[in-house]
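Notes for the structure review
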2 protein chains.
Amino acid sequence: MTVARAWRIGVAGLGTVGAALLDLIDTRKGFAPIDGVVSVSAVSARSRSRPRSCDISGKIWYDDPVALASSSDCDIFVELIGGSDGPAKAAVEAALKSGKPVITANKALIAVHGAELAALAEEVGVPLLFEAAVMGGVPAVKVVREALVGDDIQSIVGILNGTCNYILTEMEATGRSFADVLAEAQRLGYAEADPTTDVGGFDAAHKISILAALAFNCTPNFDATEVEGIEQVELLDIQMAKDLGYRIKLIASAERVEGSALVRVHPSLTPLGHPLAQAGGALNALFIESTRLGRIYLQGPGAGAGPTAVAVAADIADALLATRRPVFQGPARTLPQIEAVDPSRLMCRAYLRFLVKDEPGVIAAVSETLAEAGVSIESFLQKPVEGAAGVPIVLTTHSVAESVLMAAVERIAALSAVLDRPRMFRIARI
Amino acid sequence: MTVARAWRIGVAGLGTVGAALLDLIDTRKGFAPIDGVVSVSAVSARSRSRPRSCDISGKIWYDDPVALASSSDCDIFVELIGGSDGPAKAAVEAALKSGKPVITANKALIAVHGAELAALAEEVGVPLLFEAAVMGGVPAVKVVREALVGDDIQSIVGILNGTCNYILTEMEATGRSFADVLAEAQRLGYAEADPTTDVGGFDAAHKISILAALAFNCTPNFDATEVEGIEQVELLDIQMAKDLGYRIKLIASAERVEGSALVRVHPSLTPLGHPLAQAGGALNALFIESTRLGRIYLQGPGAGAGPTAVAVAADIADALLATRRPVFQGPARTLPQIEAVDPSRLMCRAYLRFLVKDEPGVIAAVSETLAEAGVSIESFLQKPVEGAAGVPIVLTTHSVAESVLMAAVERIAALSAVLDRPRMFRIARI
C-alpha cells in the first residue's frame, strides 16, 4: 500500500476528454485502491478563455504544455493534446525527463514514437501508460499487456475506429452515400472537420500497431502497418456484399506470421452472423486468439469523452499502484520492432467489383482474365442497379496470392469495357 | 523493474489445471515483463503415484499442501485444490502467514472467506490474486478490479458457468432431457461426478459474489447471494421459451440497489438475438455497465485447463510486478460486506409454466388467480405436447413485485387441475 498523500495531476489538453477527466477526478477525489487523494492541480490548453464544460478555476494555468509537464505543480502528467509530434511529444518527453509518470490517450504518439518514449520512461524509471489510446474505456491494452502474458497470441482482429463503423452502419441502414453520411457525422460532431485520420484508416492503424507490439513482444512500428480507409466503399458495395452474406467493416488485424507480424487495416467483408458484423454504430470490438486460451472477445464504446476518461483514470491508479512493469512487454531497449511483411507471401480471399459497359462479352473477358491468372471464383453476382452508369459485376474469390490477384485486377481495369476503378476488399479471416 | 532472479513457484493441486500450469511455466520459463526466471520448484497433490500428464520429476514433493505452503521451497504459492474450507484454506493461510504471495483459482474460497483472507494478506503485505477463479482465462477480475476503478459500476450480468451453458445448449440442440445431457456431460468429463456445484448454480454464485465485491467496493458475501440452478429447467421450457422469442440461460447478475447490491444466479430468459442468448456451449459471457463508460462485453472460454493456467500465469506476473494493490477495491478491513437485499422490494418480469389437466375452466382459473393478484400477462401460449401427461400453459408477465408473483404461483399450484410443480423463471434485465 502506498503512503496516504495528495496526488496532483497535470492535464494538457482540455477538449471533451479533458473536461470529462476533470469532472471524473473532481467527483471522485480518489480511487478505492489508492490510499490518498487525487486532484487536478494544473492544466494547459490552446486557449485559456475558450468556453468549456469543465471548471478550471483554482487550477494552475499553463499556456505551454511543455512547461506544465516539467513543472513541480504536478506529480503525474496526462497528455490529451494529440498528434504524433509537436507539443504532445515534447510535453511527454519533458514530463518523463522530470521524473513524472505519464498517461496519454495519444495513439499516434505511441504508434509512431512508442519505442523511444518507452526507453526514456524505463531509463527514468517511471510508468508511461496509454490504455485510453485503444478502444477508449474497453481495456484492450490491459488485457493484451497483462492478462495474456502467459500465452502466445496468434492474432488480434477487430473494429477499432468508431467513426468508420458509424459511417458504414449508417450507409447500410439509410441507403445514403459515404459523402452524405460523412457530412452528417461531421455536423453531429462524430467526425472531425478533417476526417482523414479516421476515414483513411490511420486512427485504427495507430491502435492496431500498439496492440500488435504488446501481443508480439515488440515495439510498435507504424510504418510497417498497411492502411486502407473506407473512402472507396460505395453504397453499392455494401448492398452487393450483403447479397452475398457479408457486411463490410473496417477491420484492423495483427497476425503472427513466421518471424514477424502482419499488421493491417482494411475494409473487409465479415459474415453477417459474426459478432464483428453485428457490432454496429460507434461500437468497437476485438477478438484476441492465443494458443492456450483460445479466443476471447471484447466489445464496447471505443471512444467518447466518458469512456476515454475512465481509461485515463485506470491508468492513474495503475501508475500509483503498479509502477514496475515495462511500457511494452519487455524493456523497450531489448525489444525488436515489428517488421513489414513481404506482401508476395500473403494469401487472401477477396470481393471484387467491376462497373462495366452493358455489352456482350464483358463477363467472358473478366472471367477469362481471372482464369488465366489462376484466380478461382467462389461466387458471382450481376444485377442491374437503378441509376448506375454501367452494370456492376461482383464476385468473391477462393484463396489466392494477393500479388496474383492484384495483377489480375489491374489487367481487368485496363479493359475498355470497364468504366470505373475496380474495387477489391478482402474477406476477413475470422 | 525487479532485479533479475529465479522465482520458485509451489503448486498445490495437480489436476488438469495444475498440469497445464506446470507445462506453461516449463515451456516459457518466464514472462516478458518479468526480469527473471520462473519455475515450479515444489508440488503437492493427493497422490504422488497417480498417473498424470505433467512431469513432476525434479520437483520437491509434499504430501501436505500446508507444509508446502509454509516451506522455504517456494517464493509464491499457487492453490489449485478447490473447496471453500479444508486443506485449500489452511494452505492459503499458511502461505500468507509465511509471507508468500498467493494465487488461487478457488472461487468458493474467495467467495466465502475472501474478506478474512484479504485482511490477512494485507496485514502481511503480500498479494492474494484470483483471476482464474472467474471466467477462466477471460480477465473479468482484472477488468472489474483495475480497468473500471474510475467509474461507478451499475450492474454485471452474464453467463459464468460453462457446464450449465453446455447442458442448456445441448438440450436445445438435440431435444434431449436435462438428465440425459448431464449424464453425457459426465461421461465426457464436462461435468463432475457430483454435479451439484455446477448445475445447482453454486459455482456461478461464487463467481458473481467475487465480481460483485470488486464492482461495489465491498468484500464478498456468498450467503447474501440468491442461488437457483438449472435442475428445474425442462426441455419443454426451453422449447416454449423459444416459441416466445427467448433462450433460457443460467444468468448470474449483480446490480447496484440503493445502499447495497442484489447478487443472484437464476435460470433466466434472454431474447434470442441478445449476445448472451447467442453465447452457446461452454462459453462464458459478461456485460459490465457503468455510469461513464456504458456497457462493455467480455466473452470467451470460461473454464478448461489451458485458459485457467493462463489466468494463473497472469497473476504470477502481477504478483511480481504489481504488489501494492489491496486484494479487493480498498483495504479489506475498511470495506463493508455485501448485504442481502429484501426480496419484497424486487420487481421482475417472469415466465410461468403450468402443467394442467385438459379440462374446461383451467385456463380461466389460472388467469383469474393472476388477475386477482394484480399480475398482468404479457404473452400466453398453450399448445399440446406429444407424450406429456397434461397440457402445458406458458405465459410471460409484465413487471410485478416478486413476492406478489410468487404468492400467486403458490395459489395456482394448489389448484386441483394443476399436475406438476409450476415453473417460474425470470426474464433477464439485459
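Residues numbered from 1 in each chain as written. Chains lettered and ligands numbered in written order. Predicted model: local features only at pLDDT ≥ 70, side-chain atom pairs only at ≥ 80, totals over all residues.

Concerning the overall build of chain A
Each helix and strand counted, chain A has 14 helices and 18 strands in total. Against the 2.2 N^0.38 benchmark of 22 Å for 430 residues, chain A shows a C-alpha radius of gyration of 24 Å, consistent with a compact globule. C-alpha extents for chain A along the principal axes are approximately 80 × 45 × 35 Å. By the burial criterion, 57% of the 430 residues in chain A qualify as buried. Sequence separation of 24 or more characterises 75% of the internal contacts of chain A that already satisfy a separation of 6 or more. (Helix = DSSP H or I, 4+ residues; strand = E, 2+ residues; numbered from the N terminus. Rg over C-alpha atoms; globule rule 2.2 N^0.38 Å. Buried ≥ 20, exposed ≤ 12 C-beta atoms within 10 Å, placed from the backbone. Contact = placed C-beta atoms within 7 Å.)

Overview of the relation of the copies chain A and chain B
Superposing chain A onto chain B takes a rotation of 180 degrees plus a shift of 0.0 Å along the axis, which leaves an RMSD of 0.0 Å. Both chain copies can therefore be described as sitting about a two-fold axis. Same-surface contact between copies: 100% of interface residues of chain A are shared with the interface of chain B. (Least-squares fit on C-alpha atoms with pLDDT ≥ 70 in both.)

Focus on the domain arrangement of chain A
Residue and element names in this part refer to chain A. Assigned domains of chain A: these are domain 1 (5-133), domain 2 (140-301 + 337-342) and domain 3 (344-427). Centre-to-centre separation of domain 1 and domain 2, based on C-alpha positions: 27 Å. Split by residue class, the side of domain 1 that touches domain 2 holds eight nonpolar, one polar and two charged. (Domains from an automatic or database assignment. Nonpolar A, V, L, I, M, F, W, Y, C, P; charged D, E, K, R; others polar.)

Points about helix H12 (residues 305-321) of chain B
Because an α-helix completes one turn every 3.6 residues, residues spaced three or four positions apart along the sequence face the same direction. Look at H12 of chain B: 24 Å from first C-alpha to last across 17 residues, which is about the 24 Å you get at 1.5 Å a residue. Taking burial as the measure, the 17 residues of H12 of chain B include 16 buried ones, the bulk of the element. (Expected span 1.5 Å × (residues − 1).)

Details of the nonpolar core
Residues Ile 167, Leu 211 and Ala 212 of chain A together with Leu 211 and Ala 212 of chain B are the most contacted members of the largest nonpolar core, which totals 324 residues. Not counting residues within four places of it along the chain, the set of residues in contact with Leu 211 of chain A comprises Val 134, Ala 140, Val 144, Ile 156 and Ala 254 of chain A. (Core = buried A, V, L, I, M, F, W, Y, C linked by C-beta atoms within 7 Å.)

Describing the sheet that holds strand E5 (residues 102-104) of chain A
Residues and elements named next belong to chain A. Ordered by their spatial adjacency, six strands build an open sheet running E3-E2-E1-E4-E5-E6, and the pairing between neighbours is parallel. Both edges of this open sheet fall to strand E3 (60-62) and strand E6 (128-129), since each of them pairs with a single strand only. Pairing analysis gives eight bridges linking strand E1 (residues 5-12) to strand E2 (residues 36-44), with the strands arranged parallel. Counted as the bridge partner of Trp 7 is Val 38 from E2. (Pairing = 2+ DSSP bridges.)

Remarks on the interface of chain A and chain B
With 45 residues of chain A at the interface, the matching set in chain B holds 45 residues. Of all the elements in the fold, those that place two or more residues in the side of chain A that touches chain B are helix H1 (16-28), helix H5 (140-147), strand E12 (294-301) and helix H12 (305-321) of chain A. Among the elements that make up the side of chain A that touches chain B, the one with the highest residue count is H12 of chain A (nine residues). Taken together, the residues of the side of chain A that touches chain B sort by class into 26 nonpolar, ten polar and nine charged. In terms of strand pairing, E12 of chain A meets strand E12 (residues 294-301) of chain B through three bridges, oriented antiparallel. Paired with Leu 298 of chain A across the strands is Leu 298 of chain B, a residue of E12 of chain B.

Side note on the sheet that holds strand E2 (residues 36-44) of chain B
Ordered by their spatial adjacency, six strands build an open sheet running E3-E2-E1-E4-E5-E6 (chain B), and the pairing between neighbours is parallel. On the outer flanks of this sheet lie strand E3 (60-62) and strand E6 (128-129) of chain B, each paired with one strand and no other.

Here we look at the environment of Glu 116 of chain A
Assignment of secondary structure puts Glu 116 of chain A in helix H4 (residues 107-124). Residue Glu 116 of chain A is classed as partly exposed on the basis of its C-beta count, with 13 C-beta atoms lying within 10 Å.

Quick word on the environment of Pro 307 of chain A
Here Pro 307 of chain A shows up in helix H12. The spatial distance from the C-alpha of Pro 307 of chain A to the C-alpha of Asn 106 of chain A is 15 Å, given a sequence separation of 201 residues. Those residues in contact with Pro 307 of chain A, other than ones at most four positions away along the chain, are Gly 136, Gly 137 and Pro 301 of chain A together with Arg 292, Leu 293 and Gly 294 of chain B.

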